[in-house]
Amino acid sequence: MNPIFDFDTPIDRRRVPGEKWGRYAGRDILPLWVADMDFAAPPPVVEALQRRLDHRVFGYTDAWPGLVEAVIEGLARDHGWRIEPDWLVWLPGVVTGFNLACRITGEAGDEVLTATPVYPPFLAAPGNSDRRLVTRPLAFADGRWRWDRDAFEAALSPRSRLLMLCNPHNPVGRVFDRDELRWLADLAERHDLTICSDEIHCGLVLDDDAPHVPIAALDASVAQRTITLMAPSKTWNIPALYCAFAVISDSSLRRRFRHAMHGIVPHPNVLGMVAAEAAYRDGGPWRTALLDYLRGNRDIVMAAIDTMPGIEAARPQATYLAWIDCRGARLEDPAKFFEAAGVGLSDGAPFGMPGFVRLNFGCTRTLLTEALERMRQALGS
Ligand SMILES: Cc1ncc(COP(=O)(O)O)c(C=O)c1O
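Residues numbered from 1 in each chain as written. Predicted model: local features only at pLDDT ≥ 70, side-chain atom pairs only at ≥ 80, totals over all residues. Heavy atoms only, no water.

**As for the packing of aromatic side chains**
Inspection of every chain in the model, using the stated rule, returns 18 aromatic pairs. For the ring pair F39 and Y293, a centre distance of 5.6 Å and an interplane angle of 90 degrees mean the geometry is edge-to-face. One end of the pair, F39, is in the loop between β1 (30-31) and α2 (43-55); the other, Y293, is in helix α11 (residues 284-306), with 254 residues separating them in the sequence. A connected cluster of aromatic rings, assembled from ring pairs, spans F140, W145, W323, F351 and F356. Positioned above the aromatic ring of W33 is the side chain of R23, whose terminal nitrogen or guanidinium carbon lies 3.5 Å from the ring centre. A cation over an aromatic ring shows up here: R365 above the ring of Y293, its NZ or CZ 4.1 Å from the ring centre. (Phe/Tyr/Trp six-rings, centres within 6.5 Å; stacked < 30°, edge-to-face > 60°. Helix = DSSP H or I, 4+ residues; strand = E, 2+ residues; numbered from the N terminus. Lys NZ or Arg CZ within 6 Å of the ring centre and 35° of its normal.)

**Focus on the sheet that holds strand β14 (residues 346-347)**
One open sheet holds the 4 strands; their spatial order is β11-β12-β15-β14, and the pairing between them is antiparallel. Each edge of the open sheet is held by one strand with a lone partner, namely β11 (312-313) and β14. Here β11 pairs with strand β12 (residues 321-325) via 2 bridges, running antiparallel. What sits directly across from A313, in β12, is I324. (Pairing = 2+ DSSP bridges.)

**Here's the deal with the site of the ligand**
Looking at the ligand, the residues that line it are A35, G93, V94, V95, Y119, C166, N170, D198, I200, H201 and K234. At a separation of 2.8 Å, an oxygen atom of the ligand approaches a polar backbone atom of V94. When the ligand is considered free in solution it has 400 Å² of accessible area, and contact with the protein chains removes 89% of it. A class-by-class count of the residues in the shell around the ligand yields 6 nonpolar, 3 polar and 2 charged. (Near = heavy atom within 4 Å. Polar contact = N/O pair within 3.5 Å; in protein donor to acceptor, adjacent residues only side chain to side chain. Areas by Shrake-Rupley, 256 points an atom, 1.4 Å probe, with all protein chains shown as cover. Nonpolar A, V, L, I, M, F, W, Y, C, P; charged D, E, K, R; others polar.)

**Things to note about the side chain of S346**
Inspection of the secondary structure puts S346 in strand β14. On the basis of relative accessible area, S346 is assigned to the buried category, the value being 8%. With residues up to four places along the chain from it excluded, the contact list for S346 reads W33, V34, F351, F356, V357 and R358. (Buried < 20%, exposed > 50% of the residue type's maximum accessible area, 1.4 Å probe, protein only. Contact = heavy atoms within 4.5 Å.)

**Considerations on the domain arrangement of the chain**
On domain assignment, one finds that the chain holds domain 1 (19-42 + 284-378) and domain 2 (48-281). Measuring from the centre of the C-alpha atoms in domain 1 to the corresponding centre in domain 2 gives 25 Å. With 31 residues of domain 1 at the contact, the number on the domain 2 side is 35 residues. Of the roughly 2800 Å² buried between domain 1 and domain 2, counting both surfaces, carbon and sulfur atoms make up 59%. Contact with domain 2 buries area across many residues of domain 1, yet R287, Q317 and F351 alone supply 28% of it, more than any other trio. Taken together, the connections running from domain 1 to domain 2 amount to 3 salt bridges. The salt bridge partner of D78 is R287, with a shortest N-O separation of 3.6 Å. For the pair domain 1 and domain 2, the number of links is 15 residue pairs in polar contact (both at pLDDT 80 or more). For the side of domain 1 that touches domain 2, the secondary structure elements donating two or more residues are α11, β12 and β15 (356-360). By residue number, the principal contributor to the side of domain 1 that touches domain 2 is α11, which donates 8 residues. (Domains from an automatic or database assignment. Buried area = accessible area lost by both parts, 1.4 Å probe. Salt bridge = Lys/Arg side-chain N within 4 Å of Asp/Glu carboxyl O.)

**What to know about the UniProt feature "domain: Aminotransferase class I/classII large" (unreviewed entry) in the chain**
Per the UniProt record, "domain: Aminotransferase class I/classII large" (unreviewed entry) is annotated on residues 28-374. Secondary structure content for residues 28-374 is 39% helix and 18% strand, while the C-alpha to C-alpha distance between its ends is 11 Å. (UniProt positions renumbered as here; feature names shortened; annotations may be inferred.)

**Let's talk about the environment of T135**
On the secondary structure map, T135 appears in strand β4 (residues 132-137). Among the residues examined, T135 registers a relative accessible area of 27% and is labelled partly exposed. Once residues within four sequence positions are removed from consideration, T135 is found in contact with T114, T116 and L123.

**Thoughts on the pattern of salt bridges**
This model, assessed by the stated rule, comprises 27 salt bridges. Linking R295 and D208 is a salt bridge whose minimum nitrogen-to-oxygen distance equals 3.8 Å. Residue R295 is found in helix α11, and its partner D208 is found in the loop between β8 (194-198) and α8 (220-224); the two are separated by 87 residues along the sequence. E370 is the partner of R374 in a salt bridge, and the nearest nitrogen-oxygen pair spans 2.8 Å. Within this pair, R374 and its partner E370 are both found in helix α13 (residues 365-378), separated by 4 residues, close to a single helical turn. Salt bridges linked by common partners bring R13, K20, D36 and D38 together as one network.

Set out below in structure tokens:
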């Protein structure tokens, strides 16, 4: 029998510093923006942290065999992906990882290709290393976001070096299927691109018929050109514990990646590593219960959006994020409009797609229902 986990009882986040609730401190605005959930971390994670705190000594710590084993077994169990211990490079965060990927591919002025909308730090990363960002929009057709294959092919140039992929995708919630991944991998092979695949949301697939496939798991030749970035942070809701990792099977790519880290990128926090081990080893039952709860929340979001005039959204296959098209409602600034109505959403413009907002449904059903009702009323529906 699965233990019962409580996702319904609200935990007051106003009493501790934090971005999500802190932004609207003292104002009656429900925060459904930044990508963390309002739920307590899984009990085995909290217990492992408590046990480690009881030791009371927090010296410098490298990844230990039990941690490496928990990650390797977790990736094999949850995604059918078999990796070697040597392929792992520990990082304090995934954003660090994709900025490093930009820095080690090509030289200043070379091009980095990605699709919009996308998690905003993707759009800043190439410029941080003097690379040139090239974007093409994903296409929306038949209720689903897809790659516009012709537009992507046409966007490539002799200076293209890196393809930045987000899968499962923030913000559109797609889990790219084998056919789409094969096409991307072939494109990378034809143009000799390195692939940086941010798979931080891979534990949050809601649709059973859309399993997450790491692009590097397609075959050894794709793996050779790929830097995969993962973390326990989104799935088990521990983002501020700062522990992530890259999986890089090619030794020369891995050497370049590690070299770029020297003297700049710190080790992950020891408590983050303790939490990661517990999450990958013992976080399965909690994750199963979480996904059930999120599926229920997704249904509530989709049903509410159906009643809102001029508002549309594709049903996310993964994540706790809904990417909402407000263009039909002719709102001058949708995020500001909903904020004035008491709901804090993420503005689509920094994702490269103005006219949209992103709603985070990783919260209690009571809060979600209240927020959606405020949105509905604001739209006069
Ligand atoms: C796609 C994606 N990548 C990376 C991150 C952040 O990763 P980190 O906090 O490990 O740098 C997020 C957070 O929302 C995200 O959605």
